[in-house]
Amino acid sequence: MRQSEEQGQTSSSEANACQNCGRAARSGRTFVFRPPGADPAVAGTIKCALCGPRHRPMLRRSAIVAVVVGTILTLLNQGDGLFAGNWNNALYWKIPLTYCVPFLVATYGALTAARR
């Protein structure tokens with residue numbers, strides 16, 4: 001064991017590892033998540049390509065966006081049929097898809113912004 005590690009300091013490879021699973025961080029396959037409004041110079045949570053898409057705060061924000069945007073789009077696109085009581089079989093796949101699309105777009109946007 002090196003002396004710097006014995007003193008509690010981390011090596012550069014440990015500092016660039018996924019803080020969730022410990023995988024080595026690679027350029028373009030690593031995400032850095034910072035709290036909202038944080039200075040970009042502040043170190044954030046480093047996650048690998050497998051752990052990044054499962055980052056809970058990001059998923060929570062994406063779900064909120066999906067509920068708000070999905071509800072607005074559903075009312076705009078299917079509102080007349082819903083309020084008239086004309087439920088056809090197509091609505092059973094259109095409405096969930098209307099919520100999935102903004103969720104995926106918000107998640108993709110967050111991951112793209114967090115990529116390093």
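Residues numbered from 1 in each chain as written. Predicted model: local features only at pLDDT ≥ 70, side-chain atom pairs only at ≥ 80, totals over all residues. Heavy atoms only, no water.

(A) Spatial organisation of helix H3 (residues 56–84). Its maximal kink placed at Gln78, H3 deviates by approximately 80 degrees. Within the span of H3, buried status applies to Met58, Ser62, Ala66, Gly70, Thr74, Gln78, Gly79 and Gly81. Buried positions along H3 lie against strand S1 (30–33) and helix H4 (91–114). (Bend = angle between axes of the 7 residues up to and from the residue. Helix = DSSP H or I, 4+ residues; strand = E, 2+ residues; numbered from the N terminus. Buried < 20%, exposed > 50% of the residue type's maximum accessible area, 1.4 Å probe, protein only. Contact = heavy atoms within 4.5 Å.)

(B) Up close: the nonpolar core. Core analysis: the biggest nonpolar cluster contains five residues, these being Phe31, Phe33, Met58, Leu111 and Ala114. Secondary-structure elements contributing two or more residues to this core are S1 and H4. Setting aside residues no more than four positions away along its own chain, Ala114 makes contact with Thr30, Phe31, Val32 and Phe33. (Core = buried A, V, L, I, M, F, W, Y, C linked by side-chain atoms within 4.5 Å.)

(C) Layout of the pairing of S1. Here S1 shows a buried face lined by Thr30 and Val32 and a second buried face lined by Phe31 and Phe33. Across four bridges, S1 lies against strand S2 (residues 45–48) in antiparallel orientation. Across the sheet, Val32 pairs through a bridge with Ile46, a residue of S2. (Pairing = 2+ DSSP bridges.)

(D) Here's a closer look at H4. With 24 residues, H4 extends 35 Å between its outermost C-alpha atoms, agreeing within 8% with the 34 Å of an ideal straight helix rising 1.5 Å per residue. In this structure, the buried side of H4 is in contact with S1 and H3. (Expected span 1.5 Å × (residues − 1).)

(E) Molecular detail of the packing of aromatic side chains. All chains considered together, the criterion is met by two aromatic pairs. Ring centres of Trp87 and Tyr92 lie 6.1 Å apart, and the angle between their planes is 35 degrees; on these two criteria the pair is classed as tilted. (Phe/Tyr/Trp six-rings, centres within 6.5 Å; stacked < 30°, edge-to-face > 60°.)

(F) Region of the structure containing the environment of Asn20. Summarising the element assignment, Asn20 is placed in the loop between helix H2 (12–15) and S1. In sequence terms Asn20 and His55 are 35 residues apart; their C-alpha atoms lie 9.6 Å from each other. Here Asn20 is in contact with Cys51 and Arg54, once residues within four sequence places are set aside.

(G) Region of the structure containing the state of the cysteines. Applying the stated rule across the entire model yields zero disulfides. Between Cys48, a cysteine without a disulfide, and Cys51, which holds the nearest cysteine sulfur, the sulfur-to-sulfur distance is 3.7 Å. Residue Cys48 is classed as buried on the basis of its relative accessible area, which comes to 5%. (Disulfide = S-S within 2.5 Å.)

(H) Quick look at the packing of H3 against H4. At their nearest, the axes of H3 and H4 sit 8 Å apart, and the two run at 145 degrees to each other. When you trace H3 past H4, the crossing you get is right-handed. Looking at the contact of H3 with H4 residue by residue, the class counts come to 17 nonpolar, seven polar and one charged. (Axes fitted to C-alpha atoms, helices over the stretch in contact; angles between N-to-C directions. Left-handed = near helix turned anticlockwise from the far one by under 90°. Nonpolar A, V, L, I, M, F, W, Y, C, P; charged D, E, K, R; others polar.)

(I) Representation of the side chain of Thr74 within the structure. Positionally, Thr74 belongs in helix H3. Separated by 2.7 Å, the side chain of Thr74 and the backbone oxygen of Gly70 make a polar contact. Setting aside residues up to four positions removed in sequence, Thr74 forms contacts with Gly79, Leu82, Ile95, Thr98 and Tyr99. (Polar contact = N/O pair within 3.5 Å; in protein donor to acceptor, adjacent residues only side chain to side chain.)

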